[in-house]
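Each chain, letter by letter, is given below.
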Amino acid sequence: MANDRNKIFEQAKAAIIQHSLIFIEEVVSFLPISKPTFYEYFPVDSNDFNALKDLLNTNRGDIKVKLRNKWAESENPTLQISLYKLTSSEEELRRLSVAKQEVSGNEGQDLKFNISVTNNAPPITEED
């Protein structure tokens, strides 16, 4: 079994590198074993599993760099805005985003809400 396991490990590494895989499920699809067998051979957080995850993360990083470089060279406004959002500060992102909302109380005080319950019940207060 150890010999088979080592062979499968080498096949998994080769598939990740050759096909630029980024998900464990993709790796399993290239191997002659089932998903449960894969996890039996390479339990989560084992050294070999982590080595495979490192290869997958390297591929993810490479893809992100390539995409960001393409976006930086592009004349497409949508891609340019996306890249800007990825690289912006929190303040810049807040100013760009029309969906981001901040709610605070008067002069920094906590907000107080009164919630009415149906059937003409009195409002719920903090004391309830």
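Here the structure is a predicted model, which is why all the values come from computation and not from measurement. (Residues numbered from 1 in each chain as written. Predicted model: local features only at pLDDT ≥ 70, side-chain atom pairs only at ≥ 80, totals over all residues. Heavy atoms only, no water.)

Visitor: Please set out the overall build of the chain residue by residue, giving values where relevant.
Guide: Tallying secondary structure elements over the chain gives 6 helices and 0 strands in all. When the helices and strands of the chain are read in sequence order from the N terminus, they spell out α-α-α-α-α-α. Classification of the 128 residues of the chain by burial places 20% in the buried group. Restricting the contact set of the chain to residue pairs at least 6 apart, pairs at least 24 apart contribute 38%. As displayed, the chain has an accessible area near 10000 Å², and 51% of this comes from carbon and sulfur atoms. (Helix = DSSP H or I, 4+ residues; strand = E, 2+ residues; numbered from the N terminus. Buried < 20%, exposed > 50% of the residue type's maximum accessible area, 1.4 Å probe, protein only. Contact = heavy atoms within 4.5 Å. Areas by Shrake-Rupley, 256 points an atom, 1.4 Å probe, with all protein chains shown as cover.)

Visitor: How would you sum up unusual backbone geometry? Please name residues and give values.
Guide: Despite not being glycine, Ser-20 has its phi angle at roughly 50 degrees, a positive value. Along the chain, the position of Ser-20 falls in the loop between helix 1 (2-19) and helix 2 (24-29). Positioned with a positive phi, Asp-45 is a non-glycine residue whose angle comes to about 75 degrees. Along the chain, Asp-45 falls in the loop between helix 3 (35-41) and helix 4 (47-73).

Visitor: Quick rundown of the nonpolar core? Include the residues and the values.
Guide: One finds Val-27, Leu-31, Phe-38 and Phe-42 to be the most contacted residues of the largest nonpolar core, which totals 17 residues. Broken down by element, the residue count for this core peaks at 5 residues, all from helix 1. Dropping the residues within four chain positions of it, Phe-38 is found in contact with Ile-24, Val-27, Val-28, Leu-31, Ile-33, Phe-49 and Leu-52. (Core = buried A, V, L, I, M, F, W, Y, C linked by side-chain atoms within 4.5 Å.)

Visitor: Tell me what's going on with helix 4, and back it up with residues and numbers.
Guide: Helix length check: helix 4, at 27 residues, gives a terminal C-alpha distance of 39 Å against a target of 39 Å (1.5 Å per residue), a fit within 8%. Within helix 4 the residues assigned to the buried category are Phe-49, Leu-52, Leu-56, Asn-59 and Trp-71. Each element contacted by the buried residues of helix 4 is listed here: helix 1, helix 2, helix 3 and helix 5 (77-87). (Expected span 1.5 Å × (residues − 1).)

Visitor: Tell me what's going on with the packing of helix 1 against helix 4, and back it up with residues and numbers.
Guide: Helix-helix packing is described using two parameters, namely the angle between the two axes and the distance between the axes. Axis separation between helix 1 and helix 4 bottoms out at 10 Å; the angle between their running directions is 10 degrees. In this view, helix 1 runs roughly parallel relative to helix 4, as classed from their interaxial angle. For the pair helix 1 and helix 4, contact is made by Arg-5, Phe-9, Ala-12, Lys-13 and Ile-16 and by Asp-48, Ala-51, Leu-52, Leu-55, Leu-56 and Asn-59, respectively. When grouped by side-chain class, the residues that make up the contact of helix 1 with helix 4 number 7 nonpolar, 1 polar and 3 charged. (Axes fitted to C-alpha atoms, helices over the stretch in contact; angles between N-to-C directions. Parallel < 35°, antiparallel > 145°, perpendicular 65-115°, else oblique. Nonpolar A, V, L, I, M, F, W, Y, C, P; charged D, E, K, R; others polar.)

Visitor: How would you explain the packing of aromatic side chains if you had to name every residue and give the values?
Guide: All chains considered together, the criterion is met by 6 aromatic pairs. Pairing Tyr-41 with Phe-42 gives two aromatic rings, centres 6.0 Å apart and planes at 90 degrees, and the pair type is edge-to-face. In this structure Tyr-41 comes out as buried when scored by relative accessible area, which is 12%. Since its relative accessible area comes to 0%, Phe-42 is described here as buried. (Phe/Tyr/Trp six-rings, centres within 6.5 Å; stacked < 30°, edge-to-face > 60°.)

Visitor: Quick rundown of the pattern of salt bridges? Include the residues and the values.
Guide: Where charged atoms from two side chains of opposite charge approach closely, those side chains can pair. Evaluated as defined, the whole model comprises 5 salt bridges. One salt bridge in this structure joins Lys-13 and Glu-10, with 3.4 Å as the shortest N-O distance. One end of the pair is Lys-13 and the other is Glu-10, both in helix 1 and 3 residues apart, which spans about a single turn. The salt bridge involving Glu-91 is made with Arg-95; its shortest N-O contact spans 2.7 Å. In this pair, Glu-91 and Arg-95 both sit in helix 6 (residues 90-96), 4 residues apart, roughly one turn of the helix. Judged by its relative accessible area of 65%, Arg-95 falls in the exposed class. Salt bridges sharing common partners tie together Glu-91, Arg-94 and Arg-95. (Salt bridge = Lys/Arg side-chain N within 4 Å of Asp/Glu carboxyl O.)

These values are about where atoms sit, not about what they do.
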